[in-house]
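A look at the structure
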Amino acid sequence: MAVEIEFVSVIVLKSWISANYPGGLHAYAGDSPTQYLEDEHITRVGFMSTREAEDFYDSLGVDASNGAILCRGDDVPEWLSCGLHEGRRAAWKATEPPGDLVGFESLMLRGMGALLPQPGWMEKVIASVGAQIGPPTLAPELDPSGLVVACQRGAARVEFEVFQQMALLSLSLPGRRQFLPSDLALIRDLREAFINAGAPRT
């Protein structure tokens, strides 16, 4: 697989994290200060600021044989490949094919005021992608009176906020959870299912 990269990215091999970071991958993902992605071989933490990326990279104690800071146009170490993949900037381990892209996915739909009040409408859309509604773990972020809906499909779990009966917005779950490929696939499937059921695109 390949991971999407934006702005400034700190890339670290998962093998190094598992062997050297206290608590391993789960702790590393939870401690990452900004957006985190991973594939089978590498992790990506994204930053808007080069200085912040450098401070984070230096704090890890990783070296160039296991980690890198990527800015647009920079050279990359020999163990890493970068380029356009599935229409997005991406990075992947050089000795492996890029495969599927692990990228940033969101579920945001507006103008749903006429659809959401229909009894059972949302439940039918969620069931159409083979998912079930479960108890949420997060609280609404954008509207205190909003509703958080949790969807489960096998190992995949996604939580999204419904607010003012007019929008859905995916919420970040702690650590690695939202960025596992199965979760990203569920977000994509839910977005298409809501659109096919009549929800307008953003």
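First things first, this report covers the structure right here in the doc. If you're wondering where the values come from, they're calculated on a predicted model, not measured in any experiment.

A separate point is the overall build of the chain. Each helix and strand counted, the chain has five helices and 13 strands in total. Rg of the C-alpha trace for the chain: 19 Å, near the compact-globule value of 17 Å for 202 residues, within the 12% margin. Structurally, the chain occupies a C-alpha span of about 55 × 30 × 30 Å along its principal axes. When burial is assessed residue by residue, the chain has 46% of its 202 residues classed as buried. Taking all contacts inside the chain whose residues are at least 6 apart in sequence as the whole, residues at least 24 apart take part in 58%. Carbon and sulfur atoms make up 52% of the accessible area of the chain, which amounts to about 9,900 Å² in all. Separation of charge centres in the chain, based on 16 positive and 26 negative side chains, amounts to 6 Å.

Running from N to C, helix α4 (residues 121–128) and helix α5 (residues 181–196) cross one another at 130°; their axes reach a closest spacing of 9 Å. Between α4 and α5, the angle is such that the two are oblique. In terms of crossing hand, the pair formed by α4 and α5 is right-handed. Residues Trp121, Met122, Val125, Ile126 and Ser128 of α4 lie in contact with α5, whose contacting residues are Leu190, Ala193 and Phe194.

Given a rise of 1.5 Å per residue, 16 residues ought to cover 22 Å, and the 23 Å separating the end C-alpha atoms of α5 matches this to within 8%. Here α5 has its buried residues at Asp183, Leu184, Leu186, Ile187, Leu190, Ala193, Phe194 and Ile195. On its buried face, α5 is in contact with β8 (101–102), β9 (108–110), α4, β11 (147–153), β12 (156–163) and β13 (167–170).

Before going further, it helps to spend a moment on the sheet that holds strand β10 (residues 132–134). Ordered by their spatial adjacency, five strands build an open sheet running β9-β13-β12-β11-β10, and the pairing between neighbours is antiparallel. Where the open sheet ends on each side, the last strands, each with one partner, are β9 and β10. Going across the sheet, the axis of each strand differs from the next one's by a mean of 30°, ignoring polarity. Sheet analysis places β12 next to β13, joined by four bridges and oriented antiparallel. When the bridges of β13 are listed, Phe160 appears paired with Ser170. α5 contacts β9, β11, β12 and β13 of the sheet and is inclined by roughly 45° relative to β12.

Quick look at the sheet that holds strand β6 (residues 80–85) now. Spatially, β6-β7-β1-β8 is the arrangement adopted by the four strands of the open sheet, whose pairing is mixed. The open sheet has two edge strands, β6 and β8, and neither has a second partner. As paired elements, β6 and strand β7 (residues 88–93) share six bridges and run antiparallel to each other. Its bridge partner lying in β7, Leu84 is registered against Arg89.

So, about the nonpolar core. Ranked by size, the top nonpolar core spans 25 residues in total, and within it Trp121, Met122, Ile126, Phe160, Leu168, Leu190 and Phe194 carry the most contacts. Those elements that place two or more of their residues in this core are α4, β11, β12 and α5. With six residues, α5 is the largest single contributor of residues to this core. Sequence-distant contacts of Leu168, that is, excluding residues within four places in its chain, are made with Leu107, Met108, Leu109, Met112, Met122, Phe160, Glu161, Val162 and Phe194. Counting 18 residues, the second largest nonpolar core, distinct from the first, contains Val45, Phe56, Tyr57 and Val62.

So, on to helix α3 (residues 50–60). Because each turn of an α-helix spans 3.6 residues, side chains separated by three or four positions in sequence point in the same direction. Among all positions in α3, only Ala53, Phe56, Tyr57 and Leu60 are buried. Buried positions in α3, seen along its axis, are confined to an arc of 100° and lie on one side of it. Away from its buried face by more than 90 degrees, α3 exposes Arg51, Asp58 and Ser59. Looking at the buried residues of α3, the elements they touch are β2 (8–13), α1 (14–20), α2 (24–31), β4 (42–47) and β5 (67–70). A side-chain oxygen of the first residue of α3 lies 3.2 Å from the backbone nitrogen of Arg51; this N-cap is Ser49. Within two residues after α3, Gly61 carries a phi angle of roughly 75°, on the positive side.

Rules used in this analysis
- Residues numbered from 1 in each chain as written.
- Predicted model: local features only at pLDDT ≥ 70, side-chain atom pairs only at ≥ 80, totals over all residues.
- Heavy atoms only, no water.
- Helix = DSSP H or I, 4+ residues; strand = E, 2+ residues; numbered from the N terminus.
- Rg over C-alpha atoms; globule rule 2.2 N^0.38 Å.
- Buried < 20%, exposed > 50% of the residue type's maximum accessible area, 1.4 Å probe, protein only.
- Contact = heavy atoms within 4.5 Å.
- Areas by Shrake-Rupley, 256 points an atom, 1.4 Å probe, with all protein chains shown as cover.
- Lys, Arg positive; Asp, Glu negative; His and termini not counted.
- Charge placed at Lys NZ, Arg CZ, Asp CG, Glu CD.
- Axes fitted to C-alpha atoms, helices over the stretch in contact; angles between N-to-C directions.
- Parallel < 35°, antiparallel > 145°, perpendicular 65-115°, else oblique.
- Left-handed = near helix turned anticlockwise from the far one by under 90°.
- Expected span 1.5 Å × (residues − 1).
- Pairing = 2+ DSSP bridges.
- Core = buried A, V, L, I, M, F, W, Y, C linked by side-chain atoms within 4.5 Å.
- Arc of directions from axis to C-beta.
- Polar contact = N/O pair within 3.5 Å; in protein donor to acceptor, adjacent residues only side chain to side chain.

All we've got here are geometric facts, nothing functional implied.
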